[in-house]
Amino acid sequence: MSNAIKYNQDAGQVVVTFEQSATSWQLHVKDSGIGISQEDQSRIFQRFYRADDSRTKQVVSGTGLGLAS
């Protein structure tokens, strides 16, 4: 959720919802940010990965990838 806020647009939106079943639950975070390029999506959980900074045009360095668990 912090990346959804940090890399969002000015006056952007972050929506958090969840789904629950008898055996599991899922948390969904949706934002109006710039998104992740198709080529970077396959690397989203690679430890410490950062996409090209020039794509974001943000004051914040990086694009918030590297979501290794």
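Reference entry: report on the structure contained in this document.

A look at the overall build of the protein chain
Part 1 of the argument: Each helix and strand counted, the protein chain has two helices and two strands in total.
Part 2 of the argument: The order of α-helices and β-strands along the protein chain, N terminus first, is α-β-β-α.
Part 3 of the argument: Residues counted as buried form 19% of the 69 residues belonging to the protein chain.
Part 4 of the argument: Element-wise, carbon and sulfur atoms account for 51% of the exposed surface of the protein chain, whose accessible area totals about 5600 Å².

A word on the environment of Arg50
Part 1 of the argument: Within the secondary structure layout, Arg50 lies in the segment after helix H2 (38-41).
Part 2 of the argument: The class of Arg50 is partly exposed, set by a relative accessible area of 46%.
Part 3 of the argument: Separated by ten residues in the primary sequence, Arg50 and Asp40 have C-alpha atoms spaced 8.8 Å apart.

With respect to a nonpolar patch on the surface
Part 1 of the argument: A contiguous nonpolar patch, built from Met1, Ile5, Val14, Val16, Phe18, Trp25, Leu27 and Val29 and spanning about 830 Å² of accessible area, is present on the exposed surface.
Part 2 of the argument: Within the residue set of the nonpolar patch, elements represented by two or more residues are strand E1 (14-20) and strand E2 (25-31).
Part 3 of the argument: Judged by its relative accessible area of 48%, Leu27 falls in the partly exposed class.

With respect to unusual backbone geometry
Most of the time, phi is negative for any residue but glycine, and the peptide bond is trans.
Part 1 of the argument: Even without being a glycine, Ala11 presents a positive backbone phi close to 60°.
Part 2 of the argument: Looking at the secondary structure, you find Ala11 in the loop between helix H1 (2-6) and E1.

Examining the environment of Ser2
Part 1 of the argument: Mapped onto the secondary structure, Ser2 falls in helix H1.
Part 2 of the argument: The exposure class of Ser2 is exposed, given its relative accessible area of 55%.
Part 3 of the argument: Along the backbone, Ser2 and Val14 are twelve residues apart, and their C-alpha atoms lie at a distance of 10.0 Å.

Details of the pairing of E2
Part 1 of the argument: Summarising the sheet, E1 and E2 pair through seven bridges and their orientation is antiparallel. Pairing of Val16 across the sheet is with Val29, part of E2.
Part 2 of the argument: Hairpin connection of E1 to E2: four residues between the antiparallel strands.

Reading guide: rules and limits
Residues numbered from 1 in each chain as written. Predicted model: local features only at pLDDT ≥ 70, side-chain atom pairs only at ≥ 80, totals over all residues. Heavy atoms only, no water. Helix = DSSP H or I, 4+ residues; strand = E, 2+ residues; numbered from the N terminus. Buried < 20%, exposed > 50% of the residue type's maximum accessible area, 1.4 Å probe, protein only. Areas by Shrake-Rupley, 256 points an atom, 1.4 Å probe, with all protein chains shown as cover. Patch = residues over 30% accessible without salt bridge, like charges linked within 9 Å, V, L, I, M, F, W, Y side chains within 5 Å. Salt bridge = Lys/Arg side-chain N within 4 Å of Asp/Glu carboxyl O. Pairing = 2+ DSSP bridges.

Read these as spatial facts, not as claims about activity.
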